[in-house]
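Chain and residue survey
Single-letter residue listing:
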Amino acid sequence: AEIKNLSKEDVKTELDALREAMKAEVDALLTDEQKAELEQNKADHQAKRQAYKDSSKAVMIAILGMTSGQVSEFDTANQEARDAAKGLFEKAKNGDIDKDTLREGLKTIFATKNEKMSNIFDDNQLEIIKIHKALEIRMKKHKSGKGKMRGGKKGSKG
């Protein structure tokens, strides 16, 4: 079949099949020792990511001076938003809702989460969060500008 005649679902199915075939071929090439090493690397990577998340959260709790009640409410609000988003993505995947409904649903979920967050923190904490977000955005913009020539070298005398 020509690729341009395939539906989105067909393309996904083909890609999944290709991925599985490639995985099987790689598996066939690896020794048991190499497979074990690969699994260990995956586990180490996941552990590092979790440790980073945990330490980031610990820093946030310390900097904001969060109470245990705030931590609990924060975790609950995040988990509810994650669960709701996951549910929406499942519906979209199954074809129960279209992209626009998904997008609107996600907007609602995040608006609800933001509202809950603004009720969890006091004004000083919210100010710190706003400053952090602004700095984060600046850093992302700065990083994305890497490698681009900045003006200033042209016409300078040596």
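Above this note sits the structure.
Residues numbered from 1 in each chain as written. Predicted model: local features only at pLDDT ≥ 70, side-chain atom pairs only at ≥ 80, totals over all residues. Heavy atoms only, no water.

1. Remarks on the overall build of the protein
When helices and strands are tallied, the protein shows 5 helices and 0 strands. For the protein, with 158 residues in total, the buried portion stands at 13%. Expressed as a percentage of contacts within the protein between residues at least 6 apart in sequence, the contacts between residues at least 24 apart total 55%. Counting only carbon and sulfur atoms, one obtains 56% of the accessible surface of the protein, whose full area is about 13,600 Å². (Helix = DSSP H or I, 4+ residues; strand = E, 2+ residues; numbered from the N terminus. Buried < 20%, exposed > 50% of the residue type's maximum accessible area, 1.4 Å probe, protein only. Contact = heavy atoms within 4.5 Å. Areas by Shrake-Rupley, 256 points an atom, 1.4 Å probe, with all protein chains shown as cover.)

2. Remarks on the nonpolar core
Within the largest apolar cluster, 8 residues are counted, these being Leu64, Met66, Val71, Phe74, Ala77, Met117, Ile120 and Phe121. Of all the secondary-structure elements, those providing two or more residues to this core are helix H3 (68-93) and helix H4 (99-120). In terms of residues, this core owes the most to one element, H3, which gives 3 residues. Excluding its chain neighbours within four sequence positions, the residues that come into contact with Ala77 are Lys113, Lys116, Met117 and Ile120. Membership of the second largest hydrophobic core comes to 7 residues, among which are Ala81, Ala85, Leu88 and Ile109. (Core = buried A, V, L, I, M, F, W, Y, C linked by side-chain atoms within 4.5 Å.)

3. A short note on the packing of H3 against H4
The contact between H3 and H4 brings their axes to 10 Å, and the two run at 175 degrees. Between H3 and H4, the interaxial angle falls into the category roughly antiparallel. Mapping the contact onto sequence places Gln70, Glu73, Phe74, Ala77, Asn78, Glu80, Ala81, Ala84, Ala85, Leu88, Phe89 and Ala92 in H3 and Leu102, Gly105, Leu106, Ile109, Lys113, Lys116, Met117 and Ile120 in H4. Along the lines of polarity and charge, the residues of the contact of H3 with H4 split into 13 nonpolar, 3 polar and 4 charged. (Axes fitted to C-alpha atoms, helices over the stretch in contact; angles between N-to-C directions. Parallel < 35°, antiparallel > 145°, perpendicular 65-115°, else oblique. Nonpolar A, V, L, I, M, F, W, Y, C, P; charged D, E, K, R; others polar.)

4. Thoughts on helix H5 (residues 123-144)
In an α-helix, one turn spans 3.6 residues, which is why side chains three or four residues apart end up on the same side. End to end, H5 covers 32 Å across 22 residues, agreeing with the expected 32 Å (1.5 Å per residue, within 8%). N-capping of H5 is provided by Asp122, with a side-chain oxygen placed 3.1 Å from the backbone N of Asn124. (Expected span 1.5 Å × (residues − 1). Polar contact = N/O pair within 3.5 Å; in protein donor to acceptor, adjacent residues only side chain to side chain.)

5. Description of the side chain of Gln70
One can find Gln70 in helix H3. Within the structure, Gln70 has its side chain in polar contact with the backbone nitrogen of Thr67 (distance 2.9 Å). Contacts of Gln70, omitting those with residues within four sequence positions, involve Gly65, Ile120, Phe121, Asp122 and Gln125.

6. Things to note about the pattern of salt bridges
It is possible for side chains bearing opposite charge to pair when their charged atoms get close. A complete count under the given rule lists 8 salt bridges for this structure. One salt bridge connects Asp16 with Arg19, and the closest N-O pair in it is separated by 3.0 Å. Placement of the pair is Asp16 and Arg19 together in helix H1 (residues 8-29), with a separation of 3 residues, close to one helical turn. Here Asp27 and Lys23 are joined by a salt bridge, their closest N and O atoms 3.8 Å apart. One end of the pair is Asp27 and the other is Lys23, both in helix H1 and 4 residues apart, which spans about a single turn. The exposure class assigned to Asp27 is partly exposed, which follows from its relative accessible area of 28%. Overall, the relative accessible area of 46% leaves Lys23 in the partly exposed class. Taken together, the salt bridges that share partners define one network made up of Lys12, Asp16 and Arg19. (Salt bridge = Lys/Arg side-chain N within 4 Å of Asp/Glu carboxyl O.)

7. Some words on H4
Taking 1.5 Å of rise per residue, 22 residues should cover 32 Å, and H4 covers 31 Å from first to last C-alpha, within 8% of that figure. The complete set of buried residues in H4 reads Leu102, Gly105, Leu106, Ile109, Met117 and Ile120. Taken end-on, H4 shows its buried residues confined to a sector of 115 degrees, consistent with a single buried face. In H4, the exposed positions angled more than 90 degrees off the buried face are occupied by Asp100, Lys107, Asn114, Glu115 and Asn119. The inward-facing, buried residues of H4 abut H3 and H5. (Arc of directions from axis to C-beta.)

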